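Each chain, letter by letter, is given below.
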Amino acid sequence: GVGPASRVLVMRGAEGSSAVNREADKRARLDQVKRVVEGMAGRDSRGLTDDLAFTVENQAGSSLKLKPEDQKAIVMGLALHAKGQAAMEKDDYAGALDLLLLGEEAFSLCDPSLAASVDNVGLLMLDVVWCAYKLRDVRRLAVCRDRLNRVREALRNAYGPNLERARKLHGTHLCPELATLVRLEVLEGVVAYHAADRTKALSCLHEAQGRLAQLAVSEELLVAMQEMGYSLKESRRALRFSGNNVDAAVTFVVQQRAQQEERRAKKRRRTAWRSERVKYGKTCSGNYVDMEAFDALCGMGYDRLLAAEALRQADNNASAALEALLEPGRQAALRLALALSQATQASTSANDEGEAGPSGSSSAQAGPGASEAAALA
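Heads up: these notes are all about the structure in this document. (Residues numbered from 1 in each chain as written. Predicted model: local features only at pLDDT ≥ 70, side-chain atom pairs only at ≥ 80, totals over all residues. Heavy atoms only, no water.)

Of regular secondary structure, the protein possesses 19 helices and zero strands. Evaluated residue by residue, the protein yields a buried proportion of 34% over its 377 residues. Pairs at least 24 residues apart make up 57% of the contacts formed inside the protein by residues separated by at least 6 positions. (Helix = DSSP H or I, 4+ residues; strand = E, 2+ residues; numbered from the N terminus. Buried < 20%, exposed > 50% of the residue type's maximum accessible area, 1.4 Å probe, protein only. Contact = heavy atoms within 4.5 Å.)

Below, the discussion takes up the packing of aromatic side chains. Throughout the structure, instances matching the rule amount to five aromatic pairs. With a centroid separation of 4.9 Å and 40° between ring planes, the pair formed by Trp 273 and Phe 294 is classed as tilted. Separated by 21 residues along the polypeptide, Trp 273 in helix H13 (residues 246-276) and Phe 294 in helix H14 (residues 291-299) bring together distant segments of the chain. Its relative accessible area of 4% is what places Trp 273 among the buried residues. By relative accessible area, Phe 294 is classed as buried at 0%. The rings of Trp 273, Tyr 280 and Phe 294 are connected pair by pair, giving a single aromatic cluster. (Phe/Tyr/Trp six-rings, centres within 6.5 Å; stacked < 30°, edge-to-face > 60°.)

Among the structural elements, Ser 242 can be located in helix H12 (residues 232-242). Once residues lying within four places of it in the same chain are set aside, the contact partners of Ser 242 are Ala 248 and Ala 249.

Moving on to the pattern of salt bridges. The tally for this structure, following the rule as stated, stands at 18 salt bridges. Close ionic contact of Asp 197 with Arg 145 constitutes a salt bridge, the shortest N to O distance being 3.9 Å. Taken as a pair, Asp 197 in the loop between helix H9 (177-194) and helix H10 (198-214) and Arg 145 in helix H7 (residues 145-159) lie far apart in primary sequence, 52 residues in all. With a relative accessible area of 34%, Arg 145 lands in the partly exposed category. Between Arg 152 and Glu 188 there is a salt bridge, with its nearest N and O atoms 2.9 Å apart. One end of the pair, Arg 152, is in helix H7; the other, Glu 188, is in helix H9, with 36 residues separating them in the sequence. One salt-bridge network, held together by shared partners, links Glu 104, Asp 146, Arg 147 and Arg 150. (Salt bridge = Lys/Arg side-chain N within 4 Å of Asp/Glu carboxyl O.)

Quick look at H13 now. Because an α-helix completes one turn every 3.6 residues, residues spaced three or four positions apart along the sequence face the same direction. Taking 1.5 Å per residue, 31 residues should reach 45 Å; H13 reaches 45 Å between its end C-alpha atoms and fits that length. Every buried residue of H13 is accounted for by Val 246, Ala 249, Phe 252, Val 253, Gln 256, Arg 270, Trp 273 and Glu 276. As for H13, its buried residues are in contact with helix H11 (219-227), H12, H14 and helix H15 (304-313). The N-capping residue of H13, defined by a side-chain oxygen 3.1 Å from the backbone nitrogen of Asp 247, is Asn 245. (Expected span 1.5 Å × (residues − 1). Polar contact = N/O pair within 3.5 Å; in protein donor to acceptor, adjacent residues only side chain to side chain.)

Right, let's talk about the environment of Lys 83 for a bit. Considering the arrangement of structural elements, one finds Lys 83 in helix H2 (residues 68-89). The class of Lys 83 is partly exposed, set by a relative accessible area of 41%.

Put simply, H12 and H13 touch, their axes get as near as 8 Å, and they point 120° apart. Viewed along their axes, H12 and H13 adopt a mutual orientation that is oblique. For the pair H12 and H13, the sense of crossing is right-handed. Two secondary-structure elements touch here, H12 through Glu 234, Arg 237, Ala 238, Leu 239, Phe 241 and Ser 242 and H13 through Ala 248, Ala 249, Phe 252, Val 253, Gln 256 and Arg 257. A per-class count over the contact of H12 with H13 returns seven nonpolar, two polar and three charged. (Axes fitted to C-alpha atoms, helices over the stretch in contact; angles between N-to-C directions. Parallel < 35°, antiparallel > 145°, perpendicular 65-115°, else oblique. Left-handed = near helix turned anticlockwise from the far one by under 90°. Nonpolar A, V, L, I, M, F, W, Y, C, P; charged D, E, K, R; others polar.)

So, about helix H16 (residues 318-326). Ala 321, Ala 324 and Leu 325 are the residues of H16 that are buried. The arc enclosing the buried residues of H16, seen along the axis, measures out at 100°, which places them on a common side. More than 90 degrees from the buried face of H16, the exposed residues found are Ser 319 and Leu 326. The backbone nitrogen of Ser 319 has a side-chain oxygen 3.2 Å away, supplied by the residue at the start of H16, namely Asn 317. (Arc of directions from axis to C-beta.)

Residue Ala 196 is not a glycine yet carries a positive backbone phi of 65°. On the basis of relative accessible area, Ala 196 is assigned to the exposed category, the value being 64%. Despite not being glycine, Asp 315 has its phi angle at roughly 55°, a positive value. With respect to the helices, strands and loops of the structure, Asp 315 is situated in the loop between H15 and H16. We classify Asp 315 as partly exposed; its relative accessible area is 29%.

The next subject is the nonpolar core. Among the nonpolar cores identified, the biggest contains 39 residues, and Val 129, Cys 131, Leu 148 and Leu 184 are the most heavily contacted of them. Those elements that provide at least two residues to this core are H2, helix H3 (93-107), helix H4 (112-116), helix H5 (120-134), H7 and H9. Once residues lying within four places of it in the same chain are set aside, the contact partners of Cys 131 are Met 88, Tyr 93, Ala 96, Leu 97 and Leu 100. (Core = buried A, V, L, I, M, F, W, Y, C linked by side-chain atoms within 4.5 Å.)

Right, here's the structure in full:
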């Protein structure tokens, strides 16, 4: 028999070992993703960390000015949400759920008032419940009612109680956010059903059915739009926005294409700026010259180098930079500083190449700019 002094040999079966290894691999992948996302979120448009930068934009494509800690939290949340959605597209709902829960944790680190003003947090929580539904996780679904209540509150804050803000943003009666509400109400019905609340479940599903009817698109008009050369995706979206009015749908597509091209142009400009800004140097705070202020000054007709120098010396204060450019004496000082900086760079470059001439040659190169500035001063 087996006694206190007996030795027992225990062997772990292959199935158990495989499950343990899978769980360890999963944790390792999640840790790696979290480290990568944290590193990415640490980058910002000021270029303080490296040459790759991230900016947070609104739906119109305009950059938002956020506190560094809030920007990091939001970028982490957005990146993890995007990776979770990519996993959902591959039907990896278990992996997606882990990523989405990390994203929800990241969003919780930003300013609560900021998180309440955007729909990203609500959309992420909606995806969390959707993953639980696709995994047939009845235990998790039964306790998702609180999360869906928070989703509804987040969407109400972002879109308005009756989608007023969303309609104002899009300029139409119908808006794509309506589809989000359909999805929310379907999930509310499913969760209510698993919580044994049949009345609530039936009410939610009826609400979802009514909203879904508003999104219906005429198949004949959809074919007509495609025959005009528009894609299926943009045709369906345009007809929904226009209430199945073909003329209005065509106008909508043209406007959307123009806006998309404008956003692409802004993106190209930001990409080019990351290389251009290096030659202008950094401000006393260690920031690169601000692109929007720089473009504004150049739009007034000022020389690019002069505008950049004014912003650099003013620590990106656009008003102070403009005042310096408007005063002849201060502008002359800027020109002198710029000429001396160019002369120094030219001299350093010549010395590095081993071809530096007499010290007077450097002064001769910068002579016209320096003498002009000195005369103005």
